[in-house]
Amino acid sequence: MKLIYDMQYNFVILHPKNQRNKMQDINFDNIHRFGSLIAQAARIAIVTHMRPDGDAMGSSTAMYHFLSMLGKKEHRIIIPDPYPAYLDFITSEIPAGAIRAHSTDKAQAESALAQSDLIICLDFNVFHRTDSLESYLLESNADKVLIDHHLNPDRESFKLVFSETEVSSASELLYHILLATSRVAADASRLPIGSATALMTGMTTDTNNFGNSVYPSTLPMASELLRAGV
């Protein structure tokens, strides 16, 4: 397998063509732009949809730990309302105050969004799926990145879009994106264990434990994450 590195932004795109590279939005230009946006951002907000489920929190938590690995200090997960308690096991290593639910921490959530210069949106295709956060996202001048697996994404509202429908979940899509960075370099064992566990949680949630929405790229993801220690 050939790896093409972008040393400035510490990201890499994989070659040659394989199942992962059939994902049209995972290409050198987009990975380069994603790395550039992260590198230049001082404050980053990670946002997901209302009534966050395993995939929403799995992808968001995985992104949080990955940003921490890159050395980012100011990043928060902002959710419209609290997530179910059964997902506490994937968020337990996130510092207190780094996850803000708008319905219970209104001022803090709004302040975090207002201060962010990059917003990474996960597991929703249009802003109205964030419920009470919609107006704040629309008003924000921050650069916005979408990582999602639903049909008909609102591409015009985002600086960069990773949208693939032939994947099990947003967590699977994020997994393939992170695999295309030089910090991971196609080796799942180089992911933070918090990211790996959260990604597996999101994928198994959205496939109902491999009961539906399983694609050729899904099972290798599961196998690689198990091998990495999940």
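What counts and how
- Sequence positions are assigned chain by chain, starting from 1 and proceeding in written order.
- Reporting in this predicted model follows two pLDDT cut-offs: at least 70 for local features of residues, and 80 or more for side-chain atom pairs to be given and counted; totals over whole chains, interfaces and linings ignore these cut-offs and use all residues.
- For side-chain calculations, the full set of non-hydrogen atoms in the structure is used, while hydrogens and water are omitted.
- For helices the rule is a DSSP run of H or I covering at least 4 residues; for strands it is a run of E covering at least 2, with both sets numbered from the N terminus onward.
- Atoms considered for the radius of gyration are the C-alpha atoms alone. The globule rule reads 2.2 Å times the number of residues to the power 0.38.
- The contact rule is simple, with two residues in contact once any of their heavy atoms fall within 4.5 Å.
- Exposure was quantified through the Shrake-Rupley algorithm and a 1.4 Å probe, taking into account, for residues, occlusion by the shown protein chains and nothing else.
- The convention is simple: Lys and Arg are positive, Asp and Glu are negative, and His and the chain ends are not counted.
- For charged residues, the charge sits on one atom: NZ in Lys, CZ in Arg, CG in Asp, CD in Glu.
- Think of each axis as a best-fit line through the C-alpha atoms, taken over the contacting stretch in the case of a helix, with angles from 0 to 180 degrees between the N-to-C directions.
- Angles are sorted into four bins: roughly parallel if under 35 degrees, roughly antiparallel if over 145, roughly perpendicular if 65 to 115, and oblique for all others.
- Working rule for handedness: look at the near helix, and if it is turned counterclockwise from the far one by less than a right angle, call the crossing left-handed; if clockwise, right-handed.
- We call a residue buried when its accessible area falls under 20% of the maximum for its residue type, exposed when it is over 50%, and partly exposed in between, using a 1.4 Å probe and counting protein chains only.

A tally of regular secondary structure across the protein chain gives eight helices and eight strands. At 16 Å, the protein chain has a C-alpha radius of gyration in line with the 17 Å of a compact globule built from 230 residues. In terms of overall dimensions, the protein chain has C-alpha extents of about 50 × 40 × 35 Å along its principal axes. A separation of at least 24 residues holds for 67% of the contacts in the protein chain among residues at least 6 apart in sequence. As presented, the protein chain carries roughly 9900 Å² of accessible surface, and 49% of it is formed by carbon and sulfur atoms. The average position of the 19 basic charges and that of the 26 acidic charges among the side chains of the protein chain differ by 7 Å.

Geometry of a packed helix pair, given as the angle between the helix axes and the separation of the axes. Interaxial distance between helix 2 (residues 54-69) and helix 7 (residues 193-206) falls to 7 Å at its minimum, and their mutual angle equals 165°. Here helix 2 lies roughly antiparallel to helix 7, going by the angle between them. In the crossing of helix 2 with helix 7, the sense of the turn from one axis to the other is left-handed. For the pair formed by helix 2 and helix 7, the contact residues are G54, D55, G58, T61, A62, H65 and F66 on the first element and G194, S195, A198, L199, T201, G202, T205 and D206 on the second.

One can find T61 in helix 2. Not counting the four nearest positions on each side in its chain, T61 is found in contact with I77, I90, T91, I94 and A198.

Unlike most non-glycine residues, D123 shows phi in positive territory, near 70°. Unusually for a residue other than glycine, D131 sits at a positive phi of about 55°. Positionally, D131 belongs in the loop between strand 6 (118-122) and helix 5 (134-139). A relative accessible area of 44% means that D131 is categorised as partly exposed.

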